[in-house]
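Coordinate analysis (summary)
Chain residues, written in single-letter form:
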Amino acid sequence: MDKPINNPVFSLKWKAGLFFGGLVFIFLSSFPLMVHWNMQQRFELFRLEIQQQYQQQLFGQLKTGSEELQRLAEFILAFSPGDIDSNKLSNIEQALTNHRSELELHWNVTQAWIIDFPTQKSGGWGQPLPNTIKALIPLTIKTEKAHSYINCYQGCQQYLLLPILSEAATRHVLILGYNISNTLLAFQSQTGADVAVISNDSDEHALRRKDTQLWGKHINALTSFSDNIDFLQQLAKYYNFDSIDEHGLLVRDKRLPVEFQIIKIDNVDDVLLLIIDDIHHQQEAILDVTYRSIVISLLGVILIGGSIFFFLSAPLRRLSSVSRALPLLGQKQYASARKLINPNPDQKHRRLDELDLLEDSSYALSSQLEGMEQAIKERTDSLNLRTVELRDERDFVKNLIDTAQLMIITLDKQCKIISFNQFSEQMTGCSEQDVVGTAIQPFFNAQQWDNVHATLNELTHSHLAVSQLETDFIHKNGDVRVISWLHSSLTVANDDAVILSVGLDVTDKKRSEEQMLWMANHDALTELYNRRKFNSDFKKLLNQAQRYKREGMLLFLDLDQFKDINDSCGHNVGDQLLQRVAQSLLAISRSTDIVARLGGDEFAIILPETDLHGAITLCEKITDSLKNIDFSHEQARYTISCSIGITKFPLNNLTVDELVSNADMAMYQAKSKGKNTWHLFTFDDMARTELKARVKWKQKIVDALNHNRFQLFYQPIMHIQSRTVSHYEALLRMWDDNDQLHLPGLFIQVAEQTGLIHRIDHYVLEQGVAKIAEQNLQHQDISLSLNLSGHAVVDPELQPLLEHLITQYGAQADKLIFELTETAAVADIPQARELMQELIRLGCRFSIDDFGTGFASFRYLRELPVSLVKIDGSFITHITENEDDRLFVQALVTIAKGMGKQTIAEFVENAETLALLETLGVDYAQGYYIGKPQPELLSGPPELD
């Protein structure tokens, strides 16, 4: 046997001491590094958030200043005398001069100029405008939008360029400039940070100090100038602007105690904002914490390292002898190893420790290894080959399973998890090691587990069975996902049936479907059922009641004076009231009752299997509940009440629409009794006559629709200045089977109550489009004004039908004018605006009819995109004798012209009225004096007396 090589020996004791000491040193040394790194990262994140807040706050103050300046400009224009056109530029100039002291003192405005772009005439006060600002005037005229710009040529000023719109093309621009020093000081006061304004321009007179440059630019404004000017000069010395711009606009230099953030302003290339913030206290705190961490780590290294070295010295000496013997076992020198180990013979008389066991085990191991060596050698080659094959197969299958974006789980007969792929780990938040061997039941909720367990049990007894389920699956953090499962049974080599479960996450799909279903059946504002869901459920309940001889009650509610609250307080306040009412109705109704919002301030409640006494009891609860709603706005408290119509169902085989109409009629009778009460529909009161008349007219309407007995009559609308017909209003008439002609006032309300109004709207729309197409073929440049009912605003078929008709007939959409009554338009402002914008996009125009009769007419004139305003005839009929009517019409015309809208006067019956309207500036006239409604258009100009 070869002798062992006697290489120099480095004691294990020293190795262990140095090793563990080194580990301790590395570990404890990393502690201050981690502390410093963590503090630095938190500092970086904190500073980034602070700078973002500074930037948002500074831009917010500049934007607020611009918006206030724009509102100020609009206020000046609104109160400037006379019209705004090319001949009245002096009016605005005079308004600017009159308000100069107030603008300079209270608004810090230094310049106010009005520019006539075509003639380049200007007027106003303050220093002449910089060329940069003048260059923006053509863009303002072209876009017809206000522009805000910062310029430092005459001190740092923020300029607002506001186009002034008139009936013709835009030609005037109002320019206001104000010093932004107050904005900078307000920013400094609120944040504690300083700010500088840097630009290409210099104005030493405005600065009242020597001009200071930075990167070739001029410092036009700087808060805390004496404290910060040195920092800025050092910044310019250490960095050039291109380097800062390339690597980010935030600069923090260890040589400076402050942090700089350079902010570029959109559309302003020659002005930069620079925020300066003192950070040296925060940096000193980070260094202080780091130094303390280093001292603590050094003390820990000394203490722990010395302790380890002391306690390991003795055991390591014994371990050293064993360590010299163990390499001999690797060299198959078993006898030499046993001689070197030589266990202590006295160890039987004392307690053994781990080293004693190691010595005994090593001694015995040498003998066993010698006997096993040959057997191991023979099997090693075979096992190595098989291991490589199995490892490759395992890795391939595992990678295949883990790559799939599906949950792939295998279960045994007891529904315990055998395998768990990576996607399953993501969906559960549990690793495979944590769940293998545990039951899968905790991942299912208790209500669904029984069904899942029964399915899995069935699969264990049927190897060919496949089952598909959709269940909730619970994440470790409590989140629930919807999984579509495909369970199938498998047979393994040991003949134990296991289950393969493959799951697909369909949570997002299910949620989208549920959201769409909810939106289709609910009112978005109150979250009650909408009219569609109400009608669907009511039909089902009505059929059940008729089949099983049951009785139910229908309540129809309408809030009293809701329109007054809506008009005086605004739609947002009205919406809040509707939500409060909806909550109150849900709170006092039964779970079996159906509560719905039908539209506006109308609600309905279906009471299945309820008699009249129960309905009356609920009505009393409703009135008490609404009376107790504490609803106030701007220190004014409103008492909420409603009128309720009651009808039972089934009733004489009436349909859902007829029952709702009966309840609606009963509600109006309740209002006629003084409101805040209820009324029961009955055939024994005056409603019987109304019902018979309604049924009669409904049949007439149906017959007229089916037999094409509706007809459009056309009344000319004349342009007053040119005395030519500009367009016609299409007026609907109905012929009955006795060839008698009926006006709309006799049948429109019935059509609305019975749901036939949409068919009439569609008829008018098609006939009007066809008439325009016919006039186009005859080369007649005539527009047509069509009346739409209030229900057209919520008709989802109206816009698609119009697009189809325009394409079908080849008509020009810009020849179509739609008239909406003011009452119909303001019933649902957002819905009306949306419909009007969509039809305007097609090229159509809108006119608002009966204007001036509503409570808030002028406000809605601003909110609705109408181009024509038809003044209600009640103000025109006696205008030549009534001074109040004349003043009202004159004011309305002035406001309409100021908003770029044209006016139409109806009920013009004589030459005196027409002459007065021309004097007042009304654009168009309509009435019997101009022409009566006729089945055909005029063949020439109107014949005036």
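Residues numbered from 1 in each chain as written. Predicted model: local features only at pLDDT ≥ 70, side-chain atom pairs only at ≥ 80, totals over all residues. Heavy atoms only, no water.

Take the sheet that holds strand β11 (residues 268-278) next. Backbone-to-backbone hydrogen bonds join strands into a sheet, with any given pair of strands oriented parallel or antiparallel. Spatially, β7-β8-β6-β11-β10-β9 is the arrangement adopted by the six strands of the open sheet, whose pairing is antiparallel. Where the open sheet ends on each side, the last strands, each with one partner, are β7 (213-214) and β9 (250-252). Two elements, β9 and strand β10 (residues 258-265), share three bridges in a ladder whose sense is antiparallel. When the sheet's bridge partners are listed, Leu250 is paired in β10 with Gln261. Packed onto the sheet, helix α6 (residues 181-191) meets β6 (194-199), β8 (217-222) and β11 and runs at close to 150° relative to β6. Those strands touched by helix α8 (residues 225-238) are β6, β7, β8, β9, β10 and β11, and its axis lies near 155° from that of β8. (Pairing = 2+ DSSP bridges. Helix = DSSP H or I, 4+ residues; strand = E, 2+ residues; numbered from the N terminus. Contact = heavy atoms within 4.5 Å. Axes fitted to C-alpha atoms, helices over the stretch in contact; angles between N-to-C directions.)

To continue, consider the pairing of β11. With nine of 11 residues buried, β11 is to be regarded as a mostly interior element. With six bridges joining them, β6 and β11 adopt antiparallel strand pairing. By the bridge assignment, Val197 is partnered in β11 with Leu273. Here eight bridges tie β10 to β11, and the two strands are oriented antiparallel to one another. Of the residues in β11, the one forming a bridge with Gln261 is Ile275. Taken together, β10 and the strand that follows it, β11, pair antiparallel across an intervening segment of two residues, in which Asn267 is found at a positive phi of about 70°. (Buried < 20%, exposed > 50% of the residue type's maximum accessible area, 1.4 Å probe, protein only.)

Once that is clear, we can look at helix α21 (residues 656-672). Between its terminal C-alpha atoms α21 stretches 24 Å, which fits the 24 Å expected from 17 residues at 1.5 Å a residue. For α21, a buried count of 13 out of 17 residues is recorded, marking the element as mostly surrounded by other parts of the structure. Following α21 by one or two positions, Gly674 has its phi on the positive side, about 125°. (Expected span 1.5 Å × (residues − 1).)

Below, the discussion takes up the packing of helix α17 (residues 531-548) against α21. For any two helices packed against each other, the geometry comes down to the angle between their axes and how far apart the axes lie. Taken N-terminus to C-terminus, the directions of α17 and α21 make an angle of 105°; their axes are 10 Å apart at the nearest point. Here α17 lies roughly perpendicular to α21, going by the angle between them. The residues of α21 that touch α17, namely those facing Phe534, Asn535, Phe538, Lys539 and Leu542, are Val656, Leu659 and Val660. Looking at the contact of α17 with α21, its residues break down into six nonpolar, one polar and one charged. (Parallel < 35°, antiparallel > 145°, perpendicular 65-115°, else oblique. Nonpolar A, V, L, I, M, F, W, Y, C, P; charged D, E, K, R; others polar.)

With that out of the way, let us pick up the packing of aromatic side chains. Each aromatic ring pair is specified by the distance between its two centres and by the angle formed by the two planes. For the coordinates displayed, the defined rule picks out 12 aromatic pairs. For the ring pair Phe444 and Phe473, a centre distance of 5.4 Å and an interplane angle of 85° mean the geometry is edge-to-face. Taken together, the residues Phe444 in the loop between α14 (432-435) and α15 (446-460) and Phe473 in strand β14 (residues 466-474) connect sequence positions 29 residues apart. Look at Phe444 and you get buried, because its relative accessible area is 6%. Here Phe473 falls in the buried class, since its relative accessible area comes to 1%. On the basis of an interplanar angle of 80° and a centroid distance of 5.1 Å, the ring pair of Phe538 and Phe649 is categorised as edge-to-face. Residue Phe538 is found in helix α17, and its partner Phe649 is found in strand β22 (residues 642-649); the two are separated by 111 residues along the sequence. (Phe/Tyr/Trp six-rings, centres within 6.5 Å; stacked < 30°, edge-to-face > 60°.)

The subject of this paragraph is the confidence of the model for the protein. Mean pLDDT over the protein stands at 81; residues scoring 70 or higher make up 88%. For the protein, the element scoring lowest by mean pLDDT is helix α7 (residues 204-207), at 51; strand β32 (residues 924-925) scores highest, at 95. (pLDDT = per-residue confidence, 0-100.)

Below, the discussion takes up the pattern of salt bridges. Should their charged atoms come close, side chains of opposite charge can pair. Across all of its chains, the model carries 20 salt bridges by this definition. Lys671 serves as the salt-bridge partner of Asp558, at 3.0 Å between the closest nitrogen and oxygen. Residue Asp558 is found in strand β17 (residues 552-559), and its partner Lys671 is found in helix α21; the two are separated by 113 residues along the sequence. Each member of the pair Asp558 and Lys671 is classed as buried. For Glu838, the salt bridge is made with Arg841, and the minimal N-O distance between the two is 3.3 Å. Here Arg841 and Glu838 lie together in helix α27 (residues 829-842), a separation of three residues that amounts to about one turn. (Salt bridge = Lys/Arg side-chain N within 4 Å of Asp/Glu carboxyl O.)

Once that is clear, we can look at α17. With 18 residues, α17 should cover 26 Å at 1.5 Å per step; its first-to-last C-alpha distance of 25 Å lies within 8% of that length. Where α17 is concerned, the buried positions are Lys533, Phe534, Asn535, Asp537, Phe538, Leu541, Leu542 and Ala545. Structurally, α17 contributes buried residues whose contacts are with α16 (507-521), β17, β18 (594-599), β19 (602-607), β22 and α21. One or two positions beyond α17, positive phi appears at Lys549, with a value near 60°.

This part covers the environment of Pro935. Checked against the element boundaries, Pro935 lands in the segment after β32. The exposure class assigned to Pro935 is partly exposed, which follows from its relative accessible area of 29%. Once the C-alpha coordinates of Pro935 and Leu712 are considered, the two residues, 223 residues apart in sequence, prove to be 6.5 Å apart. Excluding residues that lie within four positions of it along the chain, Pro935 makes contacts with Gln711, Leu712, Phe713 and Tyr714.

Let's shift gears to the sheet that holds strand β4 (residues 157-164). Strand order across the open sheet formed by five strands is β2-β1-β5-β4-β3, with antiparallel pairing between neighbours. Each edge of the open sheet is held by one strand with a lone partner, namely β2 (121-125) and β3 (147-151). Each strand axis lies, on average, 20° off the axis of its neighbour in the sheet, ignoring direction. As judged from the five bridges shared by strand β1 (residues 109-116) and β2, these two strands associate in the antiparallel manner. In the strand pairing of β2, Ile114 is matched with Gly123.

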